[in-house]
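# Structural characterization, general
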Amino acid sequence: MKLRLGGTPVDLPPLSSPGDFIKGPKNFYFQCENEEDSAITITELEGSWKTACVSQSDDNESKIETFTISGSSLAIKNEKFSGTSCATAYYQEDEAHTSFSYGDAVTFMSGNTGRYFKLTFGTKKYTPKSAEAVSSFNSSSKCSASDWELNTEKDCTSGQGTIYYGLYQLNGNNWYPAVSVSGYPTSVDTSTENTYVKQ
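Model, not experiment: these values are computed from the prediction.

### Concerning the overall build of the protein chain
- Secondary structure assignment for the protein chain yields one helix and twelve strands.
- Ordered by position from the N terminus, the helices and strands of the protein chain form the series β-β-β-β-β-β-β-α-β-β-β-β-β.
- Buried residues in the protein chain amount to 42% of all 199 residues.
- Here the protein chain displays about 9800 Å² of accessible surface, and carbon together with sulfur accounts for 45% of that area.

### Details of the pairing of strand E5 (residues 73-82)
- In the sheet, strand E4 (residues 61-70) pairs with E5 via ten bridges, with the strands oriented antiparallel. Paired with threonine 66 across the bridge in E5 is lysine 77.
- Taking the residues between adjacent antiparallel strands as the criterion, E4 and E5 are bridged by two residues, where glycine 71 takes a positive phi near 60 degrees.
- Note that E5 and strand E6 (residues 88-107) share nine bridges and pair antiparallel. Within the sheet, the bridge partner assigned to glutamate 79 lies in E6 and is glutamine 92.
- Counted along the chain from E5 to the antiparallel partner E6, the turn is five residues long, and its residue glycine 83 has a positive phi close to 80 degrees.

### Examining the nonpolar core
- Counting residues in hydrophobic clusters, the biggest one holds 18 residues, and the most contacted among them are Leu45, Leu74, Phe100, Tyr168 and Trp175.
- Listing elements by their share of this core, those giving two or more residues are E4, E5, E6, strand E7 (113-128), strand E9 (163-171) and strand E10 (174-180).
- Once you skip the residues sitting within four places of it in the chain, leucine 45 turns out to touch Ile69, Phe100, Tyr102, Tyr168, Leu170 and Trp175.
- Counting nine residues, the second-largest nonpolar core is a separate cluster that includes Phe108, Ala178, Tyr184 and Val188.

### Topic: helix H1 (residues 131-140)
- All buried positions along H1 are accounted for by Ala133, Val134 and Phe137. Buried residues of H1 fall within an arc of 100 degrees about the axis and therefore sit on the same side. The exposed set on the far side of H1, more than 90 degrees from its buried face, consists of Ala131, Glu132 and Ser139.
- Against the buried residues of H1 lie E6 and E7.
- Immediately beyond the C-terminal end of H1, within one or two residues, lies serine 141, with a positive phi of roughly 50 degrees.

### A word on the confidence of the model for the protein chain
- Of the residues in the protein chain, 81% reach a pLDDT of 70 or more, and the chain-wide mean stands at 85.
- When the criterion is pLDDT under 50, residues 6-17 qualifies, and its contacts beyond four places in sequence or with other chains add up to 28 contacts.
- When the criterion is pLDDT under 50, residues 25-39 qualifies, and its contacts beyond four places in sequence or with other chains add up to 25 contacts.

### Some remarks on the pattern of salt bridges
- Within this structure, the stated rule accounts for eight salt bridges.
- For the salt bridge of glutamate 61 with lysine 80, the shortest nitrogen-to-oxygen distance reads 3.5 Å. A residue pair is termed long-range when its members are at least 10 positions apart, and glutamate 61 in strand E4 and lysine 80 in strand E5 qualify at 19 residues.
- Given a relative accessible area of 17%, glutamate 61 falls into the buried group.
- Lysine 80 sits in the buried class, given a relative accessible area of 6%.

What counts as what
- Residues numbered from 1 in each chain as written.
- Predicted model: local features only at pLDDT ≥ 70, side-chain atom pairs only at ≥ 80, totals over all residues.
- Heavy atoms only, no water.
- Helix = DSSP H or I, 4+ residues; strand = E, 2+ residues; numbered from the N terminus.
- Buried < 20%, exposed > 50% of the residue type's maximum accessible area, 1.4 Å probe, protein only.
- Areas by Shrake-Rupley, 256 points an atom, 1.4 Å probe, with all protein chains shown as cover.
- Pairing = 2+ DSSP bridges.
- Core = buried A, V, L, I, M, F, W, Y, C linked by side-chain atoms within 4.5 Å.
- Contact = heavy atoms within 4.5 Å.
- Arc of directions from axis to C-beta.
- pLDDT = per-residue confidence, 0-100.
- Salt bridge = Lys/Arg side-chain N within 4 Å of Asp/Glu carboxyl O.

This is how it looks when you write it as C-alpha cells:
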C-alpha cells in the first residue's frame, strides 16, 4: 500500500490483499462539526507510529515509515534505504499536514474498531542521504532542481491544500490506516507492510 500523500490519489489495498472491511453504513460527523460530541477530545492516535523494515525486492530497496500525530498536525517521515535490510540510507521524504480531524467510530468485520478521519495536504520535502541519491536526483532534475547536495533538503510540495479522506483500524498497539482523495475508504490493509506500531 502506498500511504504517503503527494497531492495525487493514494493506492488502496486490492481485494486480494489482507484487509478488513467496515460493518454498517458510513456516517461522517466530524468532531469539529458534531454538536453532540463537541466536548469530546480524541487522543488515541497522539504520538508516533512506525512500520518495521519493509523490503521492496523489485527495486532492491527498503523503507521505514513513521507517522507522528499531535493535535491537528500529522508528520510523515519515509526513510528509504539501498538494499532490502534498511541498513544503508538512500534518501528521506518528510511531509507535514494540517487540519487532521477525527470522524465517527466504526466497527470492522473482525470486531476491531477504528474511525474515519480527514486532513489537508501541507508540504513535502526530500533529502538525499547518499551520493547515489544525489546523482540520481540531479540526473532526473527531481522537483525541477539539478543542484541537489548530500543531506540538504529541498521543498518538493505539490497539491498543497488537497483534502484527504481516511479510515483507520486500531488493534492494541497496531494502527492500520487507509487514505484517498476521492472519498472515504471502506476497508484497510492489515498486511505487515501497512502495520504501524505505537512507539
